[in-house]
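A structural walkthrough
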Amino acid sequence: MSNITKNIPVLIVGAGPVGLSMALCLARQNVPSLVVEKHSGRTPHPRARGVSMRTMELFRQWGNINDLLKYEFPREAIRFIWSESLQGNEVTRVEMKGLENYTYGPIGASFVTQDCVEEYLHHTLRPHHEVEIQFSKEMISFEENSTGVAVKLLDRKTNKEELVHAQYLIAADGAHSSIRKQLEIEMEGPDNLARSCSVYCEFDVSQWTQHRPSVGFFFTDPKLLGRSLFTAYGKNRWIVGLNLKPENTKEDFTDEYCLNEIRRILDMPTLEIKIINKSFWTMAAQVAKQYRHGRTFLVGDAAHRLPPTGGLGMNTGVADAHNLAWKLAFVLKSYASDTLLDTYYDERVPIAKRNIEWSTENAKRFFDIFKAIQTGDHETLKIKLQEQQENLNYVGLDLGFIYHSRAVQSENDEVISVLPDKYIPTTLPGSRAPYVQFIKDDKTISTLDLFEKNYVLLIGADGYEWQTAANELASTLPLESYRIAHNGDLIDPENVWHELYEITTTGAVLIRPDGHVAWRSNSIVEQPLKTVRQVLNYLNLGS
């Protein structure tokens, strides 16, 4: 170990949205990290485009949200259009619901491409000196020991190797994760549902699109089967989706072939097209059998591969990072024992499996549509196109999931059935704490602004004894408390908090740093201090 060049609490391999989110969450907990990326810079391809409401809430919390919003597609464009062809008759539209309805949070879902998300995250990370990002650095190998992980890195610019020691290693290195492979962690589920080539290019078809803005066009003409057109950020920027047949290879998709195919799809033989780059990808529906191996953790696509139908892949990965980061911080700061980290798998795997199932159903519907087009089954085609509304509307999946683990004092172990398109706010332990607007120091804030670094005990108007207990415990534990009352720490101007949080005026709700409910008490108990201490001990916090 004498040739180690750097010691770092957390080493993150992969500088995509999930790796950068991990670094940012850790930095906001004052935990240093090193992010290494084998490529020479950020992704040059738009890739994912849908950012869910929950992810947007996190981005808003992390700051500089306007730097991201400037890249979002116009609200009137948040729809998919199915038509015979780009110039042909329109068949149906798939609209996203509730775009301006912020009842459940301070910000809504957004359509922003992944390259813009990465630029936003890089910009937001700049002031955080806890984070160092190194491009053209490839992880060669790693070896765990009693104090951490020794990682061998290759500088692809100089071809020199170096050895870095980290207390924890985060695999954010994508669907073909080399870390996962070195650990021989198996994936469950199909690894090849379909193969596609995404051609990122520049051309002008505004005569066919300016009167009907859309994030994407799908075609029902049998001659255009497996071809699609998606909007990218920037004037006249598009992503053309070309499905690969089983006999196709990447070599078949030369620039010349792509140019001719795009002109055929658009029925514009002389259209001037500039190809920016191409990306090949395989649709899979897989989840890793384990997310943790000693001091190494899988996040994002390294842990799960979701079909892109529904846009949950990047969002699921960002939520992984958000779940794991505060737990790592608490262990590194000795607030909690290492066993807290086991709850990362317990909490996130059921969410990944559920999101995979929903995304796979969406993918199957696409396959059914293509089959109906091929066979001329117009009745099935009509039904399946109507069902496509489900592809964009998933607020229940996004906000309604409930964690079960030793990091939550569950009131029951039942798995609550969540309707994908319906969110019902609740404080059932494990759920996302419902959104409420408060007045604090004459300023309007929300519940979501309170949760990040510490546990937070929200207390009913008459729950003075809870606050006395919390104040005593806060001297040694990462715990804050707020009493909600007209003369309290927080004022509830709409008088909705007690009902929405499902407690009486003497009750209390304990919220984790990630904004999920850890425990609640409907009303005051006989020994509040003892009760809160026991709860925190159960949650692996405190002595």
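Structural notes, computed from the coordinates.

Calculation criteria
- Residues numbered from 1 in each chain as written.
- Predicted model: local features only at pLDDT ≥ 70, side-chain atom pairs only at ≥ 80, totals over all residues.
- Heavy atoms only, no water.
- Helix = DSSP H or I, 4+ residues; strand = E, 2+ residues; numbered from the N terminus.
- Rg over C-alpha atoms; globule rule 2.2 N^0.38 Å.
- Buried < 20%, exposed > 50% of the residue type's maximum accessible area, 1.4 Å probe, protein only.
- Contact = heavy atoms within 4.5 Å.
- Areas by Shrake-Rupley, 256 points an atom, 1.4 Å probe, with all protein chains shown as cover.
- Lys, Arg positive; Asp, Glu negative; His and termini not counted.
- Charge placed at Lys NZ, Arg CZ, Asp CG, Glu CD.
- Pairing = 2+ DSSP bridges.
- Axes fitted to C-alpha atoms, helices over the stretch in contact; angles between N-to-C directions.
- Core = buried A, V, L, I, M, F, W, Y, C linked by side-chain atoms within 4.5 Å.
- Parallel < 35°, antiparallel > 145°, perpendicular 65-115°, else oblique.
- Left-handed = near helix turned anticlockwise from the far one by under 90°.
- Nonpolar A, V, L, I, M, F, W, Y, C, P; charged D, E, K, R; others polar.
- 1 Å grid on protein atoms, 1.4 Å probe; cavity = no way out; pocket = protein on both sides within 12 Å on 5 of 7 lines; lining within 4 Å.
- Points joined across faces, edges and corners; volume = space filled by probe spheres on them.
- Phe/Tyr/Trp six-rings, centres within 6.5 Å; stacked < 30°, edge-to-face > 60°.
- Lys NZ or Arg CZ within 6 Å of the ring centre and 35° of its normal.
- Expected span 1.5 Å × (residues − 1).

Here we take up the overall build of the protein chain. When its secondary structure is counted, the protein chain shows 14 helices and 26 strands. In terms of C-alpha radius of gyration, the protein chain reaches 25 Å, essentially the compact-globule figure of 24 Å for 543 residues. The buried share of the protein chain, taken over its 543 residues, is 56%. Contacts in the protein chain between residues far apart in sequence, at least 24 positions, make up 72% of those at least 6 positions apart. By element, 47% of the accessible surface of the protein chain is carried by carbon and sulfur atoms, the whole surface being about 23,400 Å². Considering the protein chain, the positive charge centre built from 58 side chains and the negative charge centre built from 69 side chains are found 4 Å apart.

Pairing within the open sheet is antiparallel, and its 3 strands lie in the order β11-β17-β20. The open sheet has two free edges, formed respectively by β11 (187-188) and β20 (304-305), since each of these has just one partner strand. Of the strand pairs in this sheet, strand β17 (residues 286-288) and β20 are connected by 2 bridges, and their pairing is antiparallel. Bridge pairing links Val-287 to His-304 in β20. Docked against the sheet, helix α9 (residues 343-375) engages β17 and β20, running at close to 170° with respect to β17.

Turning our attention to the sheet that holds strand β14 (residues 227-231). Strand order in the open sheet formed by 7 strands is β5-β4-β13-β14-β15-β12-β16, and the pairing between neighbours is mixed. At either margin of the open sheet sits one strand with a lone partner, and together these are β5 (90-95) and β16 (274-283). Along the sheet, successive strands turn relative to each other by an average axial angle of 20°, direction set aside. Note: strand β12 (residues 194-202) against β16, 9 bridges, orientation antiparallel. Within the sheet, the bridge partner assigned to Ala-194 lies in β16 and is Met-283. Sheet strands in contact with α9 are β4 (79-83), β12, β13 (216-219), β15 (237-244) and β16, and its direction is about 15° off that of β4.

Moving on, we come to the nonpolar core. Phe-59 and Leu-510 are the most contacted members of the largest nonpolar core, which has 99 residues in total. For this core, the leading source of residues is helix α8 (residues 313-332), giving 10 residues. Leu-510 has contacts with Tyr-455, Val-456, Leu-457, Leu-479, His-516, Val-517, Ala-518, Trp-519, Val-535, Leu-536 and Leu-539, leaving out every residue within four places of it along the chain. Counting residues in hydrophobic clusters, the runner-up holds 25 residues, among them Phe-73, Met-96, Phe-230 and Ala-232.

The subject of this paragraph is the packing of α9 against helix α10 (residues 378-387). For the pair α9 and α10, the least separation of the axes is 9 Å and the interaxial angle reads 155°. Taken together, the axes of α9 and α10 lie roughly antiparallel to each other. The hand of the α9/α10 crossing is left-handed. Contact with α9, carried on its side by Arg-365, Asp-368, Ile-369, Ala-372 and Ile-373, involves Thr-380, Leu-381, Lys-384, Leu-385 and Glu-387 of α10 and no other residues of that element. Looking at side-chain class alone, the contact of α9 with α10 contains 5 nonpolar, 1 polar and 4 charged residues.

Let us now look at empty space enclosed by the protein. All chains considered together, the criterion is met by 3 cavities of 30 Å³ or more. A volume near 190 Å³ is recorded for the largest cavity. Lining the largest cavity are 21 residues, and of these Arg-54, Asn-315, Ala-319, Arg-348 and Phe-401 lie nearest its centre. For the lining of the largest cavity, the elements supplying multiple residues, two or more each, are α2 (53-62), α8, α9 and α11 (395-399). Among the elements that take part in the lining of the largest cavity, α8 stands out by supplying 6 residues, more than any other. The class makeup of the residues in the lining of the largest cavity is 8 nonpolar, 8 polar and 5 charged. Taken as a whole, the second largest cavity encloses approximately 80 Å³ of empty space. Surrounding the second largest cavity, Cys-25, Arg-28, Gln-29, Gln-61, Trp-62, His-322, Ala-325, Trp-326, Glu-452, Pro-513 and Asp-514 form its lining. Counting residues per element, the lining of the second largest cavity draws most heavily on α8, at 3 residues. For the lining of the second largest cavity, the per-class residue count stands at 5 nonpolar, 3 polar and 3 charged.

The next subject is the packing of aromatic side chains. All told, the structure shown has 26 aromatic pairs when counted by the stated rule. Above the ring of Phe-401, the side-chain terminus of Arg-348 is found at 5.9 Å from the ring centroid. The ring of Tyr-538 has Arg-406 sitting right over it, with the charged end atom 4.0 Å from the ring centre.

With 20 residues, α8 should reach 28 Å at 1.5 Å per residue; the first-to-last C-alpha distance of 29 Å fits that figure. Counting buried residues along α8, 19 of its 20 residues qualify, which places the element largely inside the surrounding structure. Of the residues flanking the end of α8, it is Ser-334, one or two places downstream, whose phi is positive at about 65°.

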